[in-house]
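Coordinate analysis (summary)
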Amino acid sequence: MTPLLRVENLTMRFGGLRAVDGLSFTVHAADITAVIGPNGAGKTTAFNCITGFYRPSAGRLILTGADGRAHALHRLPGHRIARRARVARTFQNIRLFAGMTALENLLVAQHNTLMAATGFGIGAVLGLSRYGRAERAAIERARHWLDAVGLTARADDPAGALPYGAQRRLEIARAMCTDPVLLCLDEPAAGLNPRESDDLAALLLDIRARGCAILLIEHDMGVVMRVCDHVMVLDHGRLIADGTPAQVRADPAVIRAYLGEGEEDELPAAAA
């Protein structure tokens, strides 16, 4: 089976520092794939290359859609990666439009689709029926995702007034309103309490069931072990482990990366 995303020898240099060093992996359609590792391992840098915020120093990033068309992400401008290759992402820090309502945030995500459907605003000015249909479809999609993340009752509330966990879910819903084939999430469980983490895990499984692949960076190992099909571990920009959650959890190289050389020998037996 052709993978959805192929990352081949990805390298990102900042001066003399190699933040990502020869990284290669694949992501398959309808899988949840996690990238984990200690702070400074190069996880977010790799994400920024995949989503177009950085142009890689070397390597290839190939996304193959359901129609068989291949997109060379390493050559596309960042805004075209989202529109043409259908890659969406969220960030470590919440980036909602705090003064807009939850519903409006999801409509903004569909701005490009609405503009194209209405002749870049001309149809809206003239009151053409095509604009009305596009607007109703956008509202329907927004309401669908509000329902999926449990925020229908808060649709008209300002996004900035929502609880932190709800803002996290709204940000994921906004990304899904762009109809991605690959959803990239940067630490979606950061700052969540255990109940909110459970809600997030259920949401990720629901998104996967809808046929969207997920690539996430995460430090919450409870979420990773529960929902992921495939886990990769980075350390100092290099891939040190790749496999199922159970395989990665038992890998000695992963234990050393998190605990440090020899530190497990100094711990009590139960902790080690």
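Scroll up for the structure.
Along each chain, residues carry numbers from 1 onward, in the same order as the chain's sequence is written. Owing to the predicted nature of the model, reporting of local features is limited to residues with pLDDT of at least 70; listing and counting of side-chain atom pairs is limited to 80 or more, with chain, interface and lining totals taken over all residues. Only hydrogens and water are removed before side-chain values are computed, so all heavy atoms of the structure are retained for them.

Looking at the layout of surface pockets
Put simply, the largest pocket is a space of about 1,000 Å³. A cavity, in this analysis, means grid points on a 1 Å lattice covering only the protein atoms where a 1.4 Å probe fits yet has no way out; a pocket is instead an open set bounded by protein on both sides within 12 Å along at least five of seven lines, and a residue lines either one if it has an atom within 4 Å of a point. Taken together, 33 residues line the largest pocket, and the ones lying closest to its centre are Ala82, Val87, Ala109, Asn112 and Thr178. Strands here are runs of E lasting at least two residues and helices are runs of H or I lasting at least four, both read from the DSSP assignment and numbered beginning at the N terminus. For the lining of the largest pocket, the elements supplying multiple residues, two or more each, are helix H2 (78-84), strand E6 (87-89), helix H4 (111-117) and helix H7 (164-176). Polar here means any residue outside two lists: the nonpolar Ala, Val, Leu, Ile, Met, Phe, Trp, Tyr, Cys and Pro, and the charged Asp, Glu, Lys and Arg; Gly therefore counts as polar. Of the residues contributing to the lining of the largest pocket, the split by class is 13 nonpolar, 10 polar and 10 charged. Grid points are joined across faces, edges and corners, and a volume is the space filled by probe spheres set on the points.

Thoughts on the packing of H7 against helix H8 (residues 194-209)
Axes, fitted as lines to C-alpha atoms, cover a helix only where it is in contact. Angles between the N-to-C directions of the axes lie from 0 to 180 degrees. Across the interface, H7 lies against H8 with an axial gap of 10 Å and an inter-helix angle of 10°. When the axis of H7 is compared with that of H8, the two are roughly parallel. Where H7 abuts H8, its residues Gly165, Arg169, Ile172 and Met176 lie against Glu196, Asp199, Leu200, Leu203 and Ile207. By residue class, the composition of the contact of H7 with H8 is 5 nonpolar, 1 polar and 3 charged. Small angles under 35 degrees read as roughly parallel and large ones over 145 as roughly antiparallel, with 65 to 115 read as roughly perpendicular and the rest as oblique. The contact definition used throughout considers only heavy atoms, calling two residues in contact when any of these lie within 4.5 Å.

Some thoughts on the nonpolar core
In summary, soluble globular proteins display a tendency toward joint burial of nonpolar side chains. Counting 44 residues, the largest nonpolar core has Leu170, Leu183, Leu204 and Ile207 as its most contacted members. A total of 6 residues in this core trace back to one element, the largest contributor, which is H7. Those residues in contact with leucine 204 that sit more than four places away from it in its chain are Ile32, Leu185, Ile214, Leu216, Val223 and Val227. As used in this record, nonpolar core signifies buried Ala, Val, Leu, Ile, Met, Phe, Trp, Tyr and Cys residues forming a set joined through side-chain atoms within 4.5 Å. Think of it in three bands: with a 1.4 Å probe and only protein chains considered, a residue is buried below 20% of the maximum accessible area for its type, exposed above 50%, and partly exposed in between. Within the second largest apolar cluster, 30 residues are counted, among which are Leu10, Phe47, Leu61 and Cys184.

Re the pairing of strand E10 (residues 238-243)
Each pair of strands is called paired provided DSSP finds at least two bridges between the two strands. As defined by bridge partners, strand E9 (residues 230-235) adjoins E10 across 5 bridges and the pair is classed as antiparallel. What sits directly across from methionine 232, in E10, is aspartate 242. The antiparallel pairing of E9 with E10 creates a hairpin that spans 2 residues between the two strands, and histidine 236 there sits at a positive phi of about 50°.

Remarks on the packing of aromatic side chains
Put simply, two rings from Phe, Tyr or Trp (the six-membered ring, in Trp's case) pair if the centres are within 6.5 Å, and we call them stacked under 30 degrees between planes, edge-to-face over 60, tilted for the rest. Enumeration over the complete set of coordinates arrives at 2 aromatic pairs. The interplanar angle of 75° and the centroid separation of 5.4 Å between the aromatic rings of phenylalanine 14 and tyrosine 54 together place this pair among those described as edge-to-face. Of this pair, phenylalanine 14 sits in strand E1 (residues 5-14) while tyrosine 54 sits in the loop between helix H1 (43-50) and strand E4 (58-64), and the two are 40 residues apart along the sequence. On the accessibility criterion, phenylalanine 14 (36% relative accessible area) is partly exposed.

Let's talk about unusual backbone geometry
Even without being glycine, alanine 30 reaches a positive phi, approximately 65°. For alanine 30, the position within the fold is in the loop between strand E2 (17-27) and strand E3 (32-36). By relative accessible area, which is 30% here, alanine 30 ends up partly exposed. Despite not being glycine, histidine 236 has its phi angle at roughly 50°, a positive value. Inspection of the secondary structure assignment puts histidine 236 in the loop between E9 and E10. What makes histidine 236 exposed here is its relative accessible area of 62%.

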